[in-house]
Amino acid sequence: MPLVDRLAAIVGAAHVLTEAADLAPYLAEERGLYHGSALAVARPGSTAEVAAVVAACAEAGAAVVPQGGNTGLCGGGVPEAGAVVVSTERLNRIRAIDPVDFTITVEAGCVLAAIQDAAEAAGCLFPLSLGAEGSCRIGGNLSTNAGGVAVLRYGNARELVLGLEVVLPDGRVWNGLKALRKNNTGYDLKHLFVGAEGTLGIITAAVLKLFPRPCEVETALVALPDPASALGLLAAARRASGDAVTACELVPRIGLDLGLAHVAGLRDPFERPHPWYLLLELSSSRPGGLRTALESVLAEALESGAASDAVLAESGEQRKALWKIRESVPEAQKREGGSIKHDVSVATSRVPEFIARATAAVEAALPGVRVVAFGHLGDGNVHFNLTQPAGADKAGFLAEWERMNRIVHDIVAAMDGSVSAEHGIGRLKVAEMARYKQDVELDLMRRIKAALDPDGRMNPGKVLPP
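What you see is a predicted model, and the numbers here were worked out from it, not measured in a lab.

Participant: What is the right way to read the overall build of the chain from this model?
Facilitator: Helices and strands together make up the secondary structure of the chain, namely 17 helices and 19 strands. Radius of gyration (C-alpha) of the chain: 23 Å, near the 23 Å computed for a compact globule of 466 residues. Looking at the chain residue by residue over its 466 residues, the buried ones come to 51%. With the model as given, the accessible surface of the chain reaches about 19,500 Å², and the carbon-plus-sulfur share is 52%. For the chain, the distance from the average site of its 45 positive side-chain charges to the average site of its 54 negative ones is 3 Å.

Dropping the structure here:
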């Protein structure tokens, strides 16, 4: 029996897509850098169906490409010719929520925002939060070890997982859905699959950590002379608040200017422009004290000259307006023209040094380039994006992508940083893996891949260099 017919027998003919128009949304990634092709898209509705689909593909020798919300930025979910895309969109059930254990058990196709809403309804918080949360799915978040704006307080996706259920490349199911916070019985297998981008198996469900829901949130946008001043402000806020800083986001003046030019409803809350801004947010499940602590920290920074001005949100709407400044930067860059991206990290204390070194290097290499360095200062993750020179040809600028990547990533490597902080490797950074990973690391990764997926069928061409 042909493979497509076998898949239809497993999941139902309505859930096996083969027509070009039906396949199209599954074949291109968010930024349009990669376009693929596939034999079919299968949309299983249960773990058992995922296992049967994967087993059928194994027998037929077909490659399998797992896909969640298809919001990735590195081409990790783009299939190759002859592959079967296994979409998790129908695996969208919340299996259990336990506000005593502070856990939630969800299937891989649950949209991130739906998990946040379910946690909130139970009086809890699921803290993973990122721009695509209304469409990205938790299986993809785990497969790429997503970060987002709350890593400083709660950690990456990896640190929010207690247990996993995974379909292995031969169709077997590993049920590791344990809600244990202490379990030292051998290797912690879940960490093989978190961040593996579907190259070792398909995550079908997860037990996730919940936290008490905050009842007090204080948000401020602080005007700064330079990024170094932000480090002192962050440290002071952590100490004064009992380490209640949830988010710490750095925005350059050019980021705000681009937002004002291209994003409706955005406004500058200050009377005059400043070189840098820091969005600082504190939260606590215990009411009282955060406002006083934040005001004290800001007063000291203003008095010492570490900060030039500050605005504190007085309402939920004002908080949203301040966050919009940070969240508008990627959208504004896209509307301004070509943008070359770098998702990198260094030690938090070295972020100002990195920004200065990398800015000088790219400006020397490409006169007129506009550096937009922004992002998660608190965890050392900088989105070091380059906007095309004013009036430049977009295609000509984007042709510099590889050269600019090499300049920036060489600096990151020299500073013991990472060339992929939170968006994964996918296809986009396979060459960087070969260039910057230690040989022993690559050898260990290849051995793990060969042990679990000896035929190399799970998401081939991603993460590991040939």
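Participant: Would you explain the side chain of Ser 87 in this entry?
Facilitator: Here Ser 87 is to be found in strand E4 (residues 84-87). By relative accessible area, which is 2% here, Ser 87 ends up buried. A polar atom in the side chain of Ser 87 sits 2.6 Å from the side chain of Glu 89. Not counting chain neighbours up to four residues away, the residues in contact with Ser 87 comprise Tyr 26, Val 41, Ala 42, Arg 43, Pro 44 and Gln 67.

Participant: I tried to follow unusual backbone geometry on my own but got confused; where do I start?
Facilitator: Glycine aside, negative phi is the norm for most residues, and most peptide bonds take the trans geometry. We note that Asn 145 has phi near 50°; this positive angle belongs to a residue other than glycine. Note on placement: Asn 145 falls in the loop between helix H5 (138-143) and helix H6 (151-154). With a relative accessible area of 15%, Asn 145 lands in the buried category.

Participant: Where do I start with the sheet that holds strand E1 (residues 16-17) in this structure?
Facilitator: In a beta sheet, neighbouring strands pair by backbone hydrogen bonds and run either parallel or antiparallel. Strand order in the open sheet made by the four strands is E1-E2-E4-E3, with mixed pairing throughout. Edge positions in the sheet fall to E1 and strand E3 (64-67), since each of these pairs with one other strand and no more. Alignment of strand E2 (residues 40-42) against E4, held across three bridges, turns out to be parallel. Each residue of the ladder has a partner; that of Ala 42, found in E4, is Val 86.

Participant: Before we go on, may I ask you to explain the sheet that holds strand E8 (residues 161-167) in this structure?
Facilitator: The sheet built from five strands is open, its strands ordered E5-E6-E10-E8-E9 with antiparallel pairing. Of all the strands in the sheet, just strand E5 (94-98) and strand E9 (173-176) have a single pairing partner and so form its edges. Across this sheet, the average inter-strand angle for adjacent strands is 10°, counted without regard to direction. Inspection of the sheet shows strand E6 (residues 103-107) paired to strand E10 (residues 202-209) by five bridges, in the antiparallel sense. Bridged to Ile 104 within E10 is Leu 208.

Participant: In this structure, what is going on with helix H8 (residues 227-240)? I would like to understand it.
Facilitator: Since there are 3.6 residues in each turn of an α-helix, residues three or four apart along the chain are aligned in direction. End to end, H8 covers 20 Å across 14 residues, agreeing with the expected 20 Å (1.5 Å per residue, within 8%). Pro 227, Ser 229, Ala 230, Leu 233, Leu 234 and Ala 237 are the residues of H8 that are buried. Here the buried residues of H8 occupy an arc of 140° about the axis, which is enough to place them on one side. Of the surrounding secondary structure, the elements contacted by the buried residues of H8 are H6, strand E12 (216-224), strand E13 (245-252), strand E14 (276-284), helix H10 (290-304) and helix H13 (351-365). Looking at the residues trailing H8, positive phi occurs at Gly 242, about 70°.

Participant: Just checking my understanding: could you explain the packing of helix H1 (residues 3-11) against helix H3 (residues 47-60) for this structure?
Facilitator: Helix-helix packing is described using two parameters, namely the angle between the two axes and the distance between the axes. It is the contact of H1 with H3, at a shortest axis distance of 10 Å, that shows an interaxial angle of 165°. Put simply, H1 runs roughly antiparallel to H3. Relative to H3, H1 is oriented so that their crossing is right-handed. Along the contact surface, H1 presents Leu 3, Arg 6, Leu 7, Ile 10 and Val 11, while H3 presents Glu 49, Ala 52, Val 53, Ala 56, Cys 57, Glu 59 and Ala 60.

Participant: How should I be thinking about the nonpolar core in this particular structure?
Facilitator: Soluble, globular proteins show a tendency: their nonpolar side chains are buried together. Grouped together as the largest cluster of nonpolar side chains are 47 residues, with contacts concentrated most on Leu 233, Leu 278, Leu 280, Phe 354, Phe 384 and Leu 386. Residues within four places of Phe 354 in sequence aside, it is in contact with Val 344, Val 346, Thr 359, Val 382, Phe 384, Val 408, Ile 411, Val 412 and Met 415. Formed by 30 residues, the second largest nonpolar core is a distinct cluster that contains Ala 150, Leu 160, Ala 206 and Leu 210.

Participant: Would you mind going over the pattern of salt bridges with me for this structure?
Facilitator: Side-chain pairs of opposite charge can arise where the charged atoms are in close proximity. Scanning the model with the defined rule gives 26 salt bridges in all. Between Lys 190 and Asp 188 there is a salt bridge, with its nearest N and O atoms 2.8 Å apart. What makes Lys 190 buried here is its relative accessible area of 11%. The exposure class of Asp 188 is partly exposed, given its relative accessible area of 39%.

Participant: Teacher, can you tell me more about the state of the cysteines here?
Facilitator: If you walk through the whole model with that rule in mind, you get zero disulfides. In this structure Cys 110 is not part of a disulfide, and its nearest cysteine sulfur, from Cys 136, lies 12 Å away. Using a relative accessible area of 3% as the deciding quantity, one classes Cys 110 as buried. Not engaged in a disulfide, the cysteine Cys 124 finds its nearest cysteine sulfur in Cys 215; these two sulfurs lie 13 Å apart. Relative accessible area serves as the criterion here: at 3%, Cys 124 is assigned to the buried category.

Participant: Before we go on, may I ask you to explain the environment of Ala 118 in this structure?
Facilitator: Examined against the element boundaries, Ala 118 turns out to sit in helix H4 (residues 112-121). Separated by 246 residues in sequence, Ala 118 and Ala 364 have C-alpha atoms that sit 50 Å apart.

Participant: I tried to follow the side chain of Glu 422 on my own but got confused; where do I start?
Facilitator: Its location among the elements puts Glu 422 in the loop between helix H15 (401-414) and helix H16 (430-436). The buried charged residue Glu 422 lacks any salt bridge, with Arg 326 as its nearest oppositely charged partner at 6.0 Å. Among the polar contacts listed, one links the side chain of Glu 422 to the side chain of His 376, at a separation of 3.0 Å. Here His 383 takes part through its side chain, which lies 3.1 Å from a polar atom of the side chain of Glu 422. Apart from the residues within four sequence positions on either side, Glu 422 is in contact with Thr 144, Asn 145, Ala 146, Gly 147, Gly 148, Asp 343, His 376, Asn 381 and His 383.

What counts, and at which threshold
Residues numbered from 1 in each chain as written. Predicted model: local features only at pLDDT ≥ 70, side-chain atom pairs only at ≥ 80, totals over all residues. Heavy atoms only, no water. Helix = DSSP H or I, 4+ residues; strand = E, 2+ residues; numbered from the N terminus. Rg over C-alpha atoms; globule rule 2.2 N^0.38 Å. Buried < 20%, exposed > 50% of the residue type's maximum accessible area, 1.4 Å probe, protein only. Areas by Shrake-Rupley, 256 points an atom, 1.4 Å probe, with all protein chains shown as cover. Lys, Arg positive; Asp, Glu negative; His and termini not counted. Charge placed at Lys NZ, Arg CZ, Asp CG, Glu CD. Polar contact = N/O pair within 3.5 Å; in protein donor to acceptor, adjacent residues only side chain to side chain. Contact = heavy atoms within 4.5 Å. Pairing = 2+ DSSP bridges. Axes fitted to C-alpha atoms, helices over the stretch in contact; angles between N-to-C directions. Expected span 1.5 Å × (residues − 1). Arc of directions from axis to C-beta. Parallel < 35°, antiparallel > 145°, perpendicular 65-115°, else oblique. Left-handed = near helix turned anticlockwise from the far one by under 90°. Core = buried A, V, L, I, M, F, W, Y, C linked by side-chain atoms within 4.5 Å. Salt bridge = Lys/Arg side-chain N within 4 Å of Asp/Glu carboxyl O. Disulfide = S-S within 2.5 Å.

The values reported here are purely geometric and, on their own, carry no functional implication.
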